[in-house]
Amino acid sequence: MSNPYAKLPGWVEYGLVPLVNLAVAFLVAGLVVLLVGENPLEAAYHLINGAFGRGEYIGFTLYYATTFIFTGLAVAVAFHAGLFNIGGEGQAYVGGIGVALACLWLDQTMPWFVVFPLAIIGSALFGAAWAFLPGWLQAKRGSHIVITTIMFNFIASSLMVYLLTRVLKPLGSMSPQTRTFAEGGQLPKLDWLLSIFGLDIGTAPFNVSFLLALVAAFGVWLLIWRTKLGYEMRTMGHSPSAARYAGMSESRITVITMMISGALAGMMALNPIMGEQGRMQLDFVQGAGFVGIAVALMGRSHPAGIIPAAVLFGVLYQGGAEISFEMPSISRDMIVIIQGLVILFAGALENMFRPAITRLFSTSSRRAAVVAQTKGA
C-alpha cells in the first residue's frame, strides 16, 4: 500500500520503526500494570520466562506463532493489492472443514504424511472458496471488502455450529466436535528440532505445521516480489489508476488475491486441528484471524517481518498466561489490554513516530552528502 512519507532504508522501515512502536506500547503497558499496584519489571520477567523459560514454554510460544504466521501472511497478501481482508476468522473456520474431511476420510487407513498433503489442499481450497465471493462482490459489484468479509465471518461461525451439532458430530456424543482422529490424522511434534538445543517441549503441541508456515512465508515472498502477478498486485495496491492505465485487470487481481489470502487463512486450521486437538472443535480459531491483522501491520506486510511479529504475539499469549498465574491481580483481561496496546501502536498509531524518524534520517543523509562533496572538492 502507498506510503505518504519519504522512503526509509530497509533496516529502518522494517526494523527500527516497528521496534520504536513496540517499545512505546510496552511502556504504556507498564503504566497500566503500575495502576493496578504491581511491579512492571516483575511482570516483564514473568512474560519472558513464561515464553522462553523452559523448552515446553518455547514449544507453546512457537505453536501460537505458527497460527499467527498463516493469518498474518493472509492479511499481508491482501494488503499488497490494496485490500483489507478482515475475514481470516471465517476463512480459517471453513478451511478447518477441509482439514477435518481429509482426516475423517483417511486417518484410519493412511499414515499422517499421506493425509497431511491432502489436508493442506483441502484447507487451502475451502479457505479460498470462502474468500472468493467477497472478492467477486468487490470486483464486480463494488461491495466493500471489509463489510462482506465481516459478514462472512458470522456466516462461517453459524455454519460451523450447524456442522458440528448436526452433521459431523458422532452419534451419542453431546460435544460439538468431530470424533478423535486416528494416528493418521494427527501431526507429529517437532520435539527433535528443539532437542538439538537440549530442550524438551514436554506437552507443547509444537508440530510440523510450523515448517509448512515457513514454507508458506517463503512462497509469499516469491509471489509478491518475484512474479508477474505479485507485481500487478503491488501496482494495484499503490495506484489502481496506474494499474488500469497499464492494462491490468482490477477484477482479476482482486479475485485472485482474495483467494490466495483465503487459502493462507484456511491453512491455519492445520495447526490446531491436526497438530493439537486431534479433532475439529467449535471455536478452534480463537481470534487468530484478527491477530493476523496486527501481525501483518507490525511485520510491514513482509514475510521477514511477519515471522518475528508472529513470535511476539506467541510470547504475549504464552507469557501472558504465566503472568496471570504468577500475579493473580493481573487478570487475563489485563493481558488482552497489553495485546491491544501492541495492536494500537503497531496499527492505528503506526505513523506516530515516522515523521520524526524520517526527518532524522533525511538530515543525516544530507549531512553525509555534504561531507562527501566537500571531500571530493
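Residues numbered from 1 in each chain as written. Predicted model: local features only at pLDDT ≥ 70, side-chain atom pairs only at ≥ 80, totals over all residues. Heavy atoms only, no water.

The helix and strand tally for the protein chain stands at 16 helices and zero strands. Looking at the protein chain as a whole, 50% of its 377 residues qualify as buried. A sequence separation of at least 24 residues applies to 76% of the contacts in the protein chain between residues at least 6 apart. Of the roughly 17500 Å² that the protein chain leaves accessible, carbon and sulfur atoms contribute 67%. The averaged location of the 17 negative side-chain charges in the protein chain is 17 Å from the averaged location of its 21 positive side-chain charges. (Helix = DSSP H or I, 4+ residues; strand = E, 2+ residues; numbered from the N terminus. Buried < 20%, exposed > 50% of the residue type's maximum accessible area, 1.4 Å probe, protein only. Contact = heavy atoms within 4.5 Å. Areas by Shrake-Rupley, 256 points an atom, 1.4 Å probe, with all protein chains shown as cover. Lys, Arg positive; Asp, Glu negative; His and termini not counted. Charge placed at Lys NZ, Arg CZ, Asp CG, Glu CD.)

The next subject is the packing of aromatic side chains. On inspection of all chains with the given rule, the structure shows 10 aromatic pairs. Consider the rings of Trp 112 and Phe 113, whose centres lie 6.1 Å apart with planes at 80 degrees: the pair is edge-to-face. Judged by its relative accessible area of 29%, Trp 112 falls in the partly exposed class. With a relative accessible area of 53%, Phe 113 lands in the exposed category. Connected via pairs of aromatic rings, a cluster forms that spans Tyr 63, Tyr 64, Phe 68 and Tyr 317. The ring of Tyr 57 carries Arg 54 above its face, with NZ or CZ at 5.0 Å from the centroid. (Phe/Tyr/Trp six-rings, centres within 6.5 Å; stacked < 30°, edge-to-face > 60°. Lys NZ or Arg CZ within 6 Å of the ring centre and 35° of its normal.)

It is worth spelling out a nonpolar patch on the surface at this point. A cluster of nonpolar residues, Leu 101, Trp 105, Leu 118, Ile 121, Leu 125 and Phe 126, forms a patch on the protein surface that exposes about 610 Å² of accessible area. Elements represented by at least two residues in the nonpolar patch include exactly helix 4 (88-106) and helix 5 (112-141). Considering every element that reaches the nonpolar patch, the biggest residue donor is helix 5, with four residues. Positionally, Leu 125 belongs in helix 5. (Patch = residues over 30% accessible without salt bridge, like charges linked within 9 Å, V, L, I, M, F, W, Y side chains within 5 Å. Salt bridge = Lys/Arg side-chain N within 4 Å of Asp/Glu carboxyl O.)

Now for the pattern of salt bridges. Within this structure, the stated rule accounts for four salt bridges. The closest approach of N and O atoms between Glu 232 and Arg 252, which form a salt bridge, is 2.7 Å. Pair noted here: Glu 232 is in helix 9 (residues 228-238) and Arg 252 is in helix 11 (residues 250-267), with a separation of 20 residues, a long-range link. Looking at Glu 232, the relative accessible area reads 7%, which means it is buried. Arg 244 is the partner of Glu 250 in a salt bridge, and the nearest nitrogen-oxygen pair spans 2.6 Å.

Closest axis-to-axis distance for the helix 3 (residues 55-80)/helix 14 (residues 303-326) pair is 7 Å, and the angle between their directions is 135 degrees. Compared by their axis directions, helix 3 and helix 14 come out oblique. Remark: the crossing between helix 3 and helix 14 carries right-handed chirality. Contacts from Tyr 57, Phe 60, Thr 61, Tyr 64, Ala 65, Phe 68, Ile 69, Gly 72, Leu 73 and Ala 76 in helix 3 reach Pro 303, Ile 306, Ile 307, Ala 310, Val 311, Phe 313, Gly 314, Val 315, Tyr 317, Gln 318 and Glu 322 in helix 14. (Axes fitted to C-alpha atoms, helices over the stretch in contact; angles between N-to-C directions. Parallel < 35°, antiparallel > 145°, perpendicular 65-115°, else oblique. Left-handed = near helix turned anticlockwise from the far one by under 90°.)

All right, on to the nonpolar core then. Grouped together as the largest cluster of nonpolar side chains are 109 residues, with contacts concentrated most on Leu 270 and Met 274. In terms of residue count, the dominant contributor to this core is helix 3 (13 residues). There are two domains that each give this core at least three residues, and those are domain 1 (8-38 + 329-360) and domain 2 (56-328). With residues near it in sequence (within four places) discarded, Met 274 still touches Val 99, Cys 103, Val 115, Phe 116, Ala 119, Gly 185, Gln 186, Leu 187 and Ala 269. If you look at the next biggest cluster of nonpolar residues, it comprises five residues, including Val 12, Val 17, Ile 357 and Phe 361. (Core = buried A, V, L, I, M, F, W, Y, C linked by side-chain atoms within 4.5 Å. Domains from an automatic or database assignment.)

Relative to the assigned elements, Ala 265 resides in helix 11. As a C-alpha pair, Ala 265 and Val 94 span 171 residues in sequence and 9.5 Å in three-dimensional space. Those residues within four positions of Ala 265 in sequence are excluded, and the remaining contacts are Ala 74, Gly 88, Gln 91 and Ala 92.

Below, the discussion takes up the side chain of Glu 322. With respect to the helices and strands, the residue Glu 322 is situated in helix 14. No salt bridge is formed by the buried Glu 322. Its closest oppositely charged neighbour is Arg 54, at 7.5 Å. Among all residues touching Glu 322, those that are not within four sequence positions of it are His 46, Asn 49, Gly 50 and Tyr 57.

Partitioning the protein chain into structural domains gives domain 1 (8-38 + 329-360) and domain 2 (56-328). If you average the C-alpha positions of domain 1 and of domain 2, the two centres end up 25 Å apart. Every contact between the two is made by 19 residues of domain 1 and, on the other side, 16 residues of domain 2. Buried area between domain 1 and domain 2, both sides added, is near 1600 Å², and the carbon and sulfur share of it is 68%. The interface formed by domain 1 and domain 2 contains zero salt bridges. Our count for the contact surface shared by domain 1 and domain 2 stands at three residue pairs in polar contact (both at pLDDT 80 or more). Secondary structure elements with two or more residues in the side of domain 1 that touches domain 2: helix 1 (10-35) and helix 15 (332-346). Top element by residues in the side of domain 1 that touches domain 2 is helix 15. It accounts for seven residues. (Buried area = accessible area lost by both parts, 1.4 Å probe. Polar contact = N/O pair within 3.5 Å; in protein donor to acceptor, adjacent residues only side chain to side chain.)

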